[in-house]
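Structure at a glance
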Amino acid sequence: MSGAPPEKKRRRYGKAVCALLLATSVFALLRPAQPYAQVTELRGEISESAILDDQQRKTRQLSIAQDQTAQAGATTQSTAPTPTYQPASPGAVRDDDAAPATGSIFDPPEATNDPFADAPVPVPPRRPSSTTQGAADQDEAAETQAATATTAPTDDEDTAETDPINSRAVTIDSADRQQLDAGAERAEAIEGRDRRAEDDPFAATGIKLGSFVIRPTLEQGLTASSNADSSTEGKPALLSETALRFNAVSDWRENSAVIDGYGIFLKTISGDEVQEARGRVDGTLNVDLDNDLRAIARLGYEAAPESASSPVVIEGTVEQPVRQTIDGSLAVEKDAGKMRFALTGAVEHDIYGDAKLSTGGTLSQKDRDSTLYSAILRTGYEISPAITPFTEVEIGRRVYDLRVDSNGFERSSTRLGVRAGAELDLGEKLAGEFSAGWLREAIDDDRLPAISGATVNADLRWSPERGTTIGLTGETIVEGTTTADESGDILYSGLLTGEREIRANLIGNAALGVGWRDYVGSDGHDLILSAEAGLTWWLNRYAGLTTRARTEKQTSNIEGRDYTAHSIFVGVTLQP
């Protein structure tokens, strides 16, 4: 009776706890707090125009922010830090740093009078009335448009990129103004890729024959000459001139062969009767042997009427007799360090045809036929890749087919000569060689003096500029004779040539020649001067027009040897 049962005590305790919790909840609800409607500003009626103005303002602000971000990113793209994530819808994620409210009705609510905050948050100001807010929005829109006008690009495409809300439609030809992708360009044909311009677009292409490429040239025209046969008593004539020239080069892998030749045919159309044919062919073979040895073989043949300036004059002939020359040589060259060695053996055989006399019959010239055998040893030292000085020693023997000529003289002789010179190799700029020395031929017949004198030889090619080639050739020749009590003479001849590519299809050339003949055993001498100039105008690769003018004059202190000849040629040149 003194106390309640334990079960009742537990029930009273539970009811007390429930009552305490209920009292606490009521107290929290009755706590003085600002109405939530004032925080969210949802009191009163909201018009649709206010919502539309607010959306347009937010859109303009977003566009300006994107422009500034794009400009800043273009200048500091390499150094700018990674931009923070910005949601597409403002307010989707609350910023860490509580940004000030923009005055929009969609700004998120903020906690106010938080008892757990360090400092109370100030209450945002009330939104102004619709009239005041509309005027402020108009002012802000005008300022935004002015700022955009000063920075907006003038190009249609740039405007479309920077203003996604109000972008202009692209023009019809905007696709044509786009820069093409280099990889999308049309590829050229296989045979057209890396095609080099031809160095000589009017050069002959040639004809493939076996392992050789042959380049023939045919020249046909008319020649008007003041001295048709280049004689002392020559007469003018109009001649038909035909010239055939050819060059053949092998395309072998290691060794090489070259064949050159020409043939010239003259026939009188009107005037002094002349019928003449001359020609020459030369072949060269280069073979590489073992142990750094090289072999060079040459073979040549020439047939032509004897020159009017020949030292042997046969009076009363209808025409000049034909002279045939067969020559060949074999050389072996060896390089040992900077030393250069070469041994050459040569053979030359001259055959003189019978002379036709004006009185009828012929005059044999077999006693003039002879063969020259010679051997030349050359030693050089390469002081630089461009210059190689050398010395030469020559020994030889000239043998006449008839040991004793028609006048009873033994014309065979022994030959000895020495020379010194230099080889030049500066590529296309300057190449060739020159030499000077002394040569002597002692005749077997003691009644005839030896033929001796200084020698000068040269073969140089100089190109001062592209398209221009200057050539200089010179040689010293010992000429024999069958004239009684005369040994012969030494002929010095030189030729200076020039060729200029005026245009790709217009070639000009010129030549100056000089010759000096010194008769042994007498004071007789001849001076031969010549000059020539010509032009070739190529109509295309296969046909061209050619013209040239030539003059030649010989003066001598021996009676009956002077003559002068002028000629002009006009014709066409054909090449396959």
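Residues numbered from 1 in each chain as written. Predicted model: local features only at pLDDT ≥ 70, side-chain atom pairs only at ≥ 80, totals over all residues. Heavy atoms only, no water.

1. Looking at the environment of Ser 231
Checked against the element boundaries, Ser 231 lands in the loop between strand S2 (212-225) and strand S3 (237-250). Sequence spacing of Ser 231 and Ala 308 is 77 residues, and the spatial spacing of their C-alpha atoms is 5.9 Å. Engagement of the side chain of Ser 231 in a polar contact is seen with the side chain of Asp 229, the distance being 2.8 Å. (Helix = DSSP H or I, 4+ residues; strand = E, 2+ residues; numbered from the N terminus. Polar contact = N/O pair within 3.5 Å; in protein donor to acceptor, adjacent residues only side chain to side chain.)

2. Re the environment of Leu 512
Relative to the assigned elements, Leu 512 resides in strand S18 (residues 506-519). Between the C-alpha atom of Leu 512 and that of Leu 472, which follows or precedes it by 40 residues, the distance is 9.8 Å. Discounting chain neighbours no more than four positions away, the residues touching Leu 512 are Gly 494, Leu 495, Leu 496, Ser 530 and Ala 531. (Contact = heavy atoms within 4.5 Å.)

3. Brief notes about the packing of aromatic side chains
Tallying each qualifying case throughout the model produces one aromatic pair. Consider the rings of Phe 212 and Trp 252, whose centres lie 5.7 Å apart with planes at 75 degrees: the pair is edge-to-face. Highlighted residues: Phe 212 in strand S2 and Trp 252 in the loop between S3 and strand S4 (256-271), separated in sequence by 40 residues. Sitting above the plane of the Phe 569 ring, Arg 548 keeps its charged end 4.2 Å from the centroid. (Phe/Tyr/Trp six-rings, centres within 6.5 Å; stacked < 30°, edge-to-face > 60°. Lys NZ or Arg CZ within 6 Å of the ring centre and 35° of its normal.)

4. A closer look at the environment of Glu 532
Mapped onto the secondary structure, Glu 532 falls in strand S19 (residues 525-538). You can call Glu 532 partly exposed: its relative accessible area is 24%. In this structure the C-alpha to C-alpha distance between Glu 532 and Gly 513, which are 19 residues apart in sequence, comes to 8.7 Å. Once residues within four sequence positions are removed from consideration, Glu 532 is found in contact with Asn 509, Ala 510, Ala 511, Arg 548, Ala 549 and Arg 550. (Buried < 20%, exposed > 50% of the residue type's maximum accessible area, 1.4 Å probe, protein only.)

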